Amino acid sequence: MSEVKVILIRRSWLRPALVAALCALALAGCAGNKKPKVRLAYEERPVELLYSTGADRMDKHLWSQAVDYFREVERQHPYSEWSRRAILMQAFAHYQANDYDEAIADSDRFISLYPGHSAAAYAHYLKAICYFEQIVDVGRDQAATGQALDNLREVASRYPSTEYAHDARLKIDMVNDQLAGKEMTIGRWYLRQGDTIAAVGRFKTVVDRYQTTSHTPEALYRLVEAYLTVGLLDEARKNGAVLGYNYPGDAWYADAYRLLTSKGLRPAVEPSANSRRSLFHIPFTKDKSRTAPPPMATTASAMAVKSDAGAASTEALPATEPTATVTKDTKDPNATPKKRGWFHLPFTKG
């Protein structure tokens, strides 16, 4: 009987270890079912072949595969114009795959390596767009919003005459409206909590810093409301006057007018008879189809490709797009080259 008890005790001690071992085997089995990530095997290939294959993957929206080929361009043919373009293509592929951290890292790498290059403007632009697309609703932390605003302003100020600056200015307006909305959300919460002074600080920020946004009329009304609450009648009257002068037909002024009149502070400007809420509002949209693709080559001589026979003569590539030869991952130096774009992504302004 005693031997049986000893065996049971020993087995009870072994149970946790046995369970842990079985769990480990199960996890190993699950991991074994996962297909390993296919990596591009190293093989020396002509730069135009690697690049055009990466472009083909971009056309097919195979972003990860495209990155692999452009990395090979950079690794096998460093310090070339192809390599420079490949960095931007990696950044754009990462951006399209919503891998924003990698896209930002690629953009920063291009800027640090080629700060004076004409395409540096695009690297700054794409970095700003990556931050812009990470902006969340006003009820959450706006860290990405501040970074987006800083980078968009840099694009607009450093490259004012480019198409990137035009898009950046439109997005700056959206970001400012977003930040103003955040201040208004916090200010309203303070009012509900009875912390009027804290609410005033938030509404004043909207009026002083984001006065061109759609939130300004409400911010001025809230200031009138808050100042009347704490007995600062002159401040309430001043903000009501500013609201009436700038937005006489807005429903927020009609509300402020009634509120001030009820306190014996009748404003000089009467609200419009058909007052309505301001319809001006910048919609916050994230649309990748509106993001400019990487710029094409500007010099044909930088993209000249020597023939496989090693002849002294070279054939310059077109200034707008490289020659593409292959859509498969096979090396065929005798294939007849034919023109193709980097990838077929329509560029629309809006």
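Structure's up top.
Owing to the predicted nature of the structure, the values given are computational and were not obtained by experimental measurement.

Novice: Please give an account of the environment of Ala105 that cites residues and values.
Specialist: Looking at where Ala105 falls in the secondary structure, it is placed in helix H5 (residues 100–113). For the pair Ala105 and Ala91, spaced 14 residues apart in the sequence, the C-alpha separation amounts to 7.9 Å.

Novice: How would you explain the side chain of Glu218 if you had to name every residue and give the values?
Specialist: Position of Glu218 among the secondary structure elements: in helix H10 (residues 216–230). Glu218 sits in the buried class, given a relative accessible area of 9%. In this view, Glu218 contacts Met184, Arg188 and Trp252; residues no more than four positions away in its chain are not counted.

Novice: Lay out the packing of helix H6 (residues 120–132) against helix H8 (residues 163–192) with the relevant residues and their values.
Specialist: Taken N-terminus to C-terminus, the directions of H6 and H8 make an angle of 25 degrees; their axes are 11 Å apart at the nearest point. Judged by the inter-axis angle, H6 sits roughly parallel to H8. Seen from above, H6 lies across H8 with left-handed handedness. Contacts between H6 and H8 involve Ala121, Tyr122, Tyr125, Ile129 and Phe132 from the first element and Tyr164, Asp167, Lys171, Met174 and Val175 from the second.

Novice: Run through the nonpolar core, naming residues and quoting values.
Specialist: In terms of nonpolar packing, the biggest core is built from 75 residues, with Met58, Tyr95, Phe110 and Tyr122 touching the most fellow members. In terms of residue count, the dominant contributor to this core is H6 (11 residues). Once you skip the residues sitting within four places of it in the chain, Tyr122 turns out to touch Leu88, Phe92, Tyr164, Ala292, Pro293, Pro294 and Pro295.

Novice: So what's going on with the packing of helix H4 (residues 81–96) against H5? Residues and values would help.
Specialist: Running from N to C, H4 and H5 point in directions that differ by 160 degrees, and their axes come no closer than 7 Å. With respect to H5, the axis of H4 lies roughly antiparallel. Relative to H5, H4 is oriented so that their crossing is left-handed. Where H4 approaches H5, its residues Arg84, Ile87, Leu88, Gln90, Ala91, His94 and Tyr95 are matched on the opposing element by Tyr100, Glu102, Ala103, Asp106, Ser107, Arg109, Phe110 and Leu113. Among the residues making up the contact of H4 with H5, the classes are represented as 8 nonpolar, 3 polar and 4 charged.

The rules behind the values
Residues numbered from 1 in each chain as written. Predicted model: local features only at pLDDT ≥ 70, side-chain atom pairs only at ≥ 80, totals over all residues. Heavy atoms only, no water. Helix = DSSP H or I, 4+ residues; strand = E, 2+ residues; numbered from the N terminus. Buried < 20%, exposed > 50% of the residue type's maximum accessible area, 1.4 Å probe, protein only. Contact = heavy atoms within 4.5 Å. Axes fitted to C-alpha atoms, helices over the stretch in contact; angles between N-to-C directions. Parallel < 35°, antiparallel > 145°, perpendicular 65-115°, else oblique. Left-handed = near helix turned anticlockwise from the far one by under 90°. Core = buried A, V, L, I, M, F, W, Y, C linked by side-chain atoms within 4.5 Å. Nonpolar A, V, L, I, M, F, W, Y, C, P; charged D, E, K, R; others polar.

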